[in-house]
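Per-entry structural report
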Amino acid sequence: MLFRSYWKLNEKPFKNTPNPKFLCSFSQHSDALMKLTYAVRENMGAAMMTGVFGCGKTFIARTLIHSLSSRYAFAYLSYPPANGAEFLRAIVRTLKYSELPVKKTELMEDALLESLQNSLTDNNREGKETVIIIDEAHAIDDERIFEKIRLLLNFQTEDKFMMTLILVGQPELSAKVANLRQLEQRIAVKCHLEPLTGDETREYIVQRLKVAGREDPIFEENVFELIHKATGGIPRRVNHICDACLMTGFARKKDSIDVETFQESGKIFGSTIVPS
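Attention in this report is confined to the structure presented alongside it. (Residues numbered from 1 in each chain as written. Predicted model: local features only at pLDDT ≥ 70, side-chain atom pairs only at ≥ 80, totals over all residues. Heavy atoms only, no water.)

1. Describing the packing of aromatic side chains
- Counted under the stated rule, the structure contains 5 aromatic pairs.
- Ring geometry for Tyr 6 against Trp 7: centres 5.0 Å apart, planes inclined by 90 degrees, an arrangement best described as edge-to-face.
- Between Phe 219 and Phe 224, the ring centres sit 6.2 Å apart and the planes meet at 40 degrees, which makes this aromatic pair tilted.
- Its relative accessible area of 4% is what places Phe 219 among the buried residues.
- Grouping aromatic residues by their ring pairs yields a cluster made of Phe 3, Tyr 6, Trp 7 and Phe 250. (Phe/Tyr/Trp six-rings, centres within 6.5 Å; stacked < 30°, edge-to-face > 60°. Buried < 20%, exposed > 50% of the residue type's maximum accessible area, 1.4 Å probe, protein only.)

2. Overview of the sheet that holds strand β1 (residues 46-51)
- If you walk across this open sheet you meet the 5 strands as β2-β3-β4-β1-β5, and the pairing is parallel. The outermost strands of the open sheet, each flanked by one partner alone, are β2 (72-77) and β5 (189-193). For this sheet, the mean angle separating the axes of adjacent strands, direction not counted, is 15 degrees.
- Both strand β3 (residues 129-134) and strand β4 (residues 164-169) contribute to a ladder of 4 bridges, which runs parallel. Across the sheet, Val 131 pairs through a bridge with Thr 164, a residue of β4. (Pairing = 2+ DSSP bridges. Helix = DSSP H or I, 4+ residues; strand = E, 2+ residues; numbered from the N terminus. Axes fitted to C-alpha atoms, helices over the stretch in contact; angles between N-to-C directions.)

3. Here's the deal with the environment of Ala 73
- Residue placement: Ala 73 occurs in strand β2.
- Overall, the relative accessible area of 6% leaves Ala 73 in the buried class.
- Remark: the alpha-carbon pair of Ala 73 and Lys 128, spanning 55 residues in sequence, is separated by 6.3 Å.
- In contact with Ala 73, other than residues within four places in its own chain, are Asn 123, Glu 129, Thr 130 and Val 131. (Contact = heavy atoms within 4.5 Å.)

4. As for helix α2 (residues 27-41)
- Taking 1.5 Å per residue, 15 residues should reach 21 Å; α2 reaches 21 Å between its end C-alpha atoms and fits that length.
- Every buried residue of α2 is accounted for by Gln 28, His 29, Ala 32, Leu 33, Leu 36, Thr 37, Ala 39 and Val 40. End-on, the buried residues of α2 take up no more than an arc of 165 degrees, which puts them together on one face.
- Residue Asn 43 follows α2 closely and has a positive phi angle near 55 degrees. (Expected span 1.5 Å × (residues − 1). Arc of directions from axis to C-beta.)

5. Description of the pattern of salt bridges
- Under the counting rule described, the total for this entry stands at 15 salt bridges.
- Of the charged contacts in the structure, one is a salt bridge between Glu 86 and Arg 89, with a shortest N-O distance of 2.5 Å. In this pair, Glu 86 and Arg 89 are both assigned in helix α4 (residues 84-96), 3 residues apart and thus about one turn of the helix distant.
- A network of salt bridges, in which partner residues are shared, links Arg 71, Glu 129 and Lys 160. (Salt bridge = Lys/Arg side-chain N within 4 Å of Asp/Glu carboxyl O.)

6. Looking at unusual backbone geometry
- One non-glycine residue, Lys 8, lies in positive phi territory at about 60 degrees.
- Here Lys 8 is to be found in the loop between α1 (2-6) and α2.
- The class of Lys 8 is exposed, set by a relative accessible area of 62%.
- One non-glycine residue with positive phi stands out, namely Glu 136, at about 55 degrees.
- Secondary-structure assignment places Glu 136 in the loop between β3 and α6 (143-152).
- Take Glu 136: its relative accessible area is 24%, and that puts it in the partly exposed class.

As structure tokens, this is what we get:
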């Protein structure tokens, strides 16, 4: 509380949580959100979003969920399970809002696929569109899981897919999917996020401070370039270093974040990304 009041903030501006209200309108982020929204609303079947670690992929995925109406039913897997059966079980558990059966025969893949199809049919009957988002999909090592993903896209009526499937992961996901021609051909929409430029990094910091309630500058102009160089324009790292700077400035009773505060914050918090 003292930290926020000192900097005249309503909330912490650099928390690494996917709060949609902190979304900045950079062209690549807006384009990614637009493409994923289009894939869902136009019932395109499958989409894929890639980007380096910490560049905002989960943020975009969460914003997509937040922005769509209640007529969509979401299954969000924050990390892919280790095998095909666990993968199907996780989706069914998320969509059915009830405990799974305990009989082994009902937990076999055929039974899980039937249960999933029933959930999709029920949603369709109720006027709901189903969206399945698999985050950290680059971590999938078992090709049988990708095969299950491809099979899910076979759930169709005569005129539409019964779900939209979105794969989210680091750049190596693209290579894995490219090696699976049948799956790759079914992904109708693709987007990729790059690190922020220097100007975008500055805008990102200023915008998050404004959303948190601070209109007046806190970071001195010559610090923005140092932050961009130290973080490589990765939003997650920018959040970390800016939070450390604010904490250091608060501890030292600074009026603004200058170069000295920027450098000192790395020493105090043991950061490996802040140059001395």
